[in-house]
Amino acid sequence: MPRCREFNIDEALDHALNAFWLKGYASTSLSDLLAAMGLSKSSFYECFGSKRAVMLAALARYSARELAETRCHFAAARPLPALLAEWLGHALLPDACRPAERCGCLVLNLAIELAPHDAEIEASVRQHIDALADVLAEALRRGCEEGLLPATTKPPLAADALLNLLSGIHVLAKGGVEPARLQAVIDGHLAALFAGR
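Notes on the structure follow. On a predicted model such as this, the values are computed, not experimentally measured, just so you know. Counting from 1, residues in each chain are numbered in the order their sequence is written. For this predicted model, a pLDDT threshold of at least 70 governs which residues receive local features, and a threshold of 80 or more governs which side-chain atom pairs are given and counted, while totals over whole chains, interfaces and linings are taken from all residues. With hydrogens and water set aside, each side-chain value is computed from the structure's full complement of heavy atoms.

Looking at the packing of helix α7 (residues 119-145) against helix α8 (residues 155-174)
So, step 1. Think of each axis as a best-fit line through the C-alpha atoms, taken over the contacting stretch in the case of a helix, with angles from 0 to 180 degrees between the N-to-C directions. Strands are runs of DSSP state E lasting at least 2 residues, helices are runs of H or I lasting at least 4, and numbering of each runs from the N terminus. Between α7 and α8, the shortest axis-to-axis distance is 8 Å and the interhelical angle comes to 125°. By the angle between their directions, the pair α7 and α8 is classed as oblique. Both α7 and α8 take part in a crossing whose hand is right-handed. Across from Ile129, Leu132, Ala133, Leu136, Ala137, Leu140, Arg141 and Cys144 in α7, the residues of α8 making contact are Pro155, Pro156, Ala158, Ala159, Asp160, Leu162 and Leu163.
So, step 2. Under the scheme applied here, ten amino acids are nonpolar (Ala, Val, Leu, Ile, Met, Phe, Trp, Tyr, Cys and Pro), four are charged (Asp, Glu, Lys and Arg), and all others, including Gly, are polar. Its residues assigned to classes, the contact of α7 with α8 comprises 13 nonpolar, no polar and two charged. Each angle is binned into one of four classes, with values under 35 degrees roughly parallel, values over 145 roughly antiparallel, values of 65 to 115 roughly perpendicular, and all other values oblique. In a left-handed crossing the near helix is turned counterclockwise from the far helix by less than a right angle, and in a right-handed crossing that turn is clockwise. Contact criterion: two residues are considered in contact whenever any of their non-hydrogen atoms come within 4.5 Å of each other.

Structure, rendered in structure tokens:
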């Protein structure tokens, strides 16, 4: 693949990722991708082969980055309530690492658009969700060991509840619900999670 050596593949995938993130997979045309990635059609096909292959590669890059950042976040020597509040609140930050303020979560967008009728996308989305749940469950287990959570807390179930909350926050934010209202939802959920400790 000689043309792949003529440009930075990771940078090109990041630009493709943003294009899919902003418009969705179906609405992102080949012309959109070529413009975003700064590639000629011949370089695009020689290096990546297809729009779908680019999307899968961009999704894998996004997932790896997000999981690494989440693991790093929860490995910090800080109280669990603060770590969870910051992690959930990140979805509301206007300057978060997203191409636009109301574009939602890339994995969630693809889960809604493609996963129901694409087994490979479904597998990638599930792999990301399951890995994220494992990171959260481990952080919650540590919280239980440190006496920060009620003794009745089941870390895997609590982790899934947090993922469900985060998904809902992304969807509501994308729909234009005010950040203050969503922050109140986050605060209420965390207050309930840590109540009775």
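Moving on from the coordinates now.
Some points on the packing of aromatic side chains
So, step 1. To pair, rings of Phe, Tyr and Trp, with the six-membered ring standing in for Trp, must have centres within 6.5 Å; the planes then decide the type, stacked if under 30 degrees apart, edge-to-face if over 60, and tilted in the middle. One pass over the full model with this rule turns up five aromatic pairs.
So, step 2. Consider the rings of Phe20 and Tyr25, whose centres lie 5.6 Å apart with planes at 35°: the pair is tilted. In terms of burial, Phe20 and Tyr25 fall into one category: buried.
So, step 3. Through a chain of ring-to-ring contacts, the aromatic side chains of Phe44, Tyr45 and Phe48 assemble into a single cluster.
So, step 4. We call a charge positioned over a ring when the NZ of a Lys or the CZ of an Arg lies within 6 Å of the ring centre and within 35 degrees of the ring normal. Between the NZ or CZ atom of Lys51 and the centre of the ring of Tyr25, over which it lies, the distance is 4.4 Å. The buried label applies to any residue whose accessible area, calculated with a 1.4 Å probe on protein chains only, is under 20% of its type's maximum; exposed applies above 50%, and partly exposed to all values in between.

Considering the packing of helix α1 (residues 9-23) against helix α4 (residues 51-75)
So, step 1. Between α1 and α4, the least distance of the axes is 9 Å, while the angle of their chain directions is 100°. Between α1 and α4, the angle falls in the class roughly perpendicular. Within the contact between the two elements, α1 uses Asp10, Leu13, Asp14, Ala16, Leu17, Phe20 and Trp21 and α4 uses Lys51, Val54, Met55, Ala57, Ala58, Arg61, Tyr62 and Arg65.
So, step 2. In terms of residue class, the contact of α1 with α4 is built from 10 nonpolar, no polar and five charged.

Here we look at the layout of surface pockets
So, step 1. Definitions used for this entry: grid spacing 1 Å over protein atoms alone; cavity, a set of points where a 1.4 Å probe fits but cannot get out; pocket, an open set with protein on both sides within 12 Å along at least 5 of 7 lines; lining residue, one with an atom within 4 Å of a point. Grid points are joined across faces, edges and corners, and a volume is the space filled by probe spheres set on the points. The space that makes up the largest pocket amounts to roughly 620 Å³.
So, step 2. Together, 26 residues line the largest pocket, and Tyr62, Glu66, Trp87, Leu166 and His170 are the ones closest to its centre.
So, step 3. Of all the elements in the fold, those that place two or more residues in the lining of the largest pocket are α4, α5 (80-89), α6 (106-113), α7 and α8.
So, step 4. Sort the elements by how many residues they give to the lining of the largest pocket and α4 lands first, with six residues.

What to know about α1
So, step 1. Here α1 is 15 residues long and its end C-alpha atoms lie 21 Å apart, about the 21 Å a rise of 1.5 Å per residue gives.
So, step 2. Of all the positions in α1, only Ala12, Leu13, Ala16, Leu17, Ala19, Phe20 and Trp21 are classed as buried.
So, step 3. Where α1 is buried, its residues touch α2 (30-37), α4 and α6.
So, step 4. Definition of a polar contact: a pair of N or O atoms within 3.5 Å, with one able to donate and the other able to accept a hydrogen when the atoms are protein atoms, and with sequence-neighbouring residues admitted only if both atoms are side-chain atoms. If you check the start of α1, you find a side-chain oxygen 3.0 Å away from the backbone N of Asp10, and it comes from Asn8.
So, step 5. Two residues or fewer after α1 comes Gly24, characterised by a positive phi angle close to 90°. Helices are assigned an expected span. That span is 1.5 Å times one less than the residue count.

Observations concerning the pattern of salt bridges
So, step 1. Every case where a carboxyl oxygen of Asp or Glu lies within 4 Å of a side-chain nitrogen of Lys or Arg is listed as a salt bridge. Evaluation of the coordinates by the stated rule reveals 11 salt bridges.
So, step 2. Residue Asp32 pairs with Lys23 through a salt bridge whose shortest N-O separation is 2.8 Å.
So, step 3. Of the residues examined, Asp32 reaches a relative accessible area of 25% and is grouped as partly exposed.
So, step 4. Classification of Lys23 as partly exposed rests on a relative accessible area of 45%.

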